[in-house]
Amino acid sequence: MLGGQTQVIFDNMPSIIQHIRAGSLRALAVTTTARSPQLPDVPTVADTVPGYEASALFGMGAPKNTPKEIIVKLNTEINAILAEPDMKKRLVELGGEPLIQTPEKFGADIAAETEKWKKVIDGANIEKVQ
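Small disclaimer: the values here were computed from a predicted structure and weren't measured. (Residues numbered from 1 in each chain as written. Predicted model: local features only at pLDDT ≥ 70, side-chain atom pairs only at ≥ 80, totals over all residues. Heavy atoms only, no water.)

Draft legend 1. Structural detail: the overall build of the protein. A tally of helices and strands in the protein yields four helices and zero strands. Ordering the α and β elements of the protein from the N terminus gives α-α-α-α. A compact globule built from 130 residues should have a C-alpha radius of gyration of about 14 Å, whereas the protein, at 18 Å, is more than 25% larger. In terms of its C-alpha atoms, the protein occupies a principal-axis envelope of roughly 50 × 45 × 30 Å. Every one of the 130 residues in the protein was classed for burial, and the buried ones make up 16%. Counting contacts in the protein only where the partners sit at least 6 residues apart, residues at least 24 apart contribute 33% of the total. About 10000 Å² of surface is accessible on the protein, with carbon and sulfur atoms providing 60% of the total. Between the mean site of the 14 positive side-chain charges and the mean site of the 16 negative ones, the protein shows a separation of 1 Å. (Helix = DSSP H or I, 4+ residues; strand = E, 2+ residues; numbered from the N terminus. Rg over C-alpha atoms; globule rule 2.2 N^0.38 Å. Buried < 20%, exposed > 50% of the residue type's maximum accessible area, 1.4 Å probe, protein only. Contact = heavy atoms within 4.5 Å. Areas by Shrake-Rupley, 256 points an atom, 1.4 Å probe, with all protein chains shown as cover. Lys, Arg positive; Asp, Glu negative; His and termini not counted. Charge placed at Lys NZ, Arg CZ, Asp CG, Glu CD.)

Draft legend 2. Up close: the pattern of salt bridges. The final tally for this structure, using the stated rule, is nine salt bridges. The residue Glu104 makes a salt bridge to Lys68 at a minimum N-O spacing of 2.6 Å. Taken together, the residues Glu104 in helix 4 (residues 103-123) and Lys68 in helix 2 (residues 68-83) connect sequence positions 36 residues apart. Two residues, Glu93 and Lys89, come together in a salt bridge whose shortest N-O distance is 3.9 Å. Placement of both Glu93 and Lys89 in helix 3 (residues 85-93) is noted, with a separation of four residues, approximately one turn of the helix. Judged by its relative accessible area of 31%, Glu93 is partly exposed. On the accessibility criterion, Lys89 (53% relative accessible area) is exposed. Here the salt bridges share partners, and the residues they tie into one network are Glu53, Glu113 and Lys116. (Salt bridge = Lys/Arg side-chain N within 4 Å of Asp/Glu carboxyl O.)

Draft legend 3. Seen up close, the side chain of Ser36. Relative to the assigned elements, Ser36 resides in the loop between helix 1 (13-22) and helix 2. A distance of 2.6 Å separates polar atoms of two side chains, one belonging to Ser36 and the other to Gln38. Dropping the residues within four chain positions of it, Ser36 is found in contact with Met13 and Val30. (Polar contact = N/O pair within 3.5 Å; in protein donor to acceptor, adjacent residues only side chain to side chain.)

Draft legend 4. Expanded view of the side chain of Gln101. Position of Gln101 among the secondary structure elements: in the loop between helix 3 and helix 4. Under the relative-accessibility criterion, Gln101 is labelled buried at 17%.

Draft legend 5. Inspection of a nonpolar patch on the surface at higher detail. Side chains of Trp117, Val120, Ile121 and Ile126 sit close together on the surface and give an oily, nonpolar patch of about 350 Å² of accessible area. In this structure, Ile121 sits in helix 4. (Patch = residues over 30% accessible without salt bridge, like charges linked within 9 Å, V, L, I, M, F, W, Y side chains within 5 Å.)

Draft legend 6. Structural detail: the environment of Leu2. For Leu2, the position within the fold is in the segment before helix 1. By relative accessible area, which is 53% here, Leu2 ends up exposed. Residues Leu2 and Asn65 lie 63 residues apart in sequence; the distance between their C-alpha atoms is 43 Å. With near-sequence residues (within four places) excluded, Leu2 lies in contact with His19, Ser24 and Leu25.

Draft legend 7. How the structure looks around the confidence of the model for the protein. Taken as a whole, the protein shows an average pLDDT of 92; of its residues, 100% reach a score of 70 or greater. Put simply, helix 1 is where the protein has its lowest mean pLDDT, 91, and helix 2 is where it has its highest, 96. (pLDDT = per-residue confidence, 0-100.)

So this is what it looks like as structure tokens:
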């Protein structure tokens, strides 16, 4: 986009918001269900395409068999950091939305996103390339 080799891009807010604010990129819409507080004048895609929603999740993961007490400790510490006012402010400035939640809720979010995109892939008859 910045090099003029493509006309449109769908990207995550944290990687492009500085270019939008600097005026080197123009945001046409956001893909979340609601307008972004960081770009309040930018409409959502759903304003034109009802029901459209695509957002990214960023999170921490651990190996499958990590002991529960370690998961709980990591989750507690990460949530404490996300709750710090300076951290929260910085993440919002970057276009993110800090979510303080349990490992179970994050797992449910990942499962829901996986199911949503599976329906898109199946509906478009996209096949896995071996």
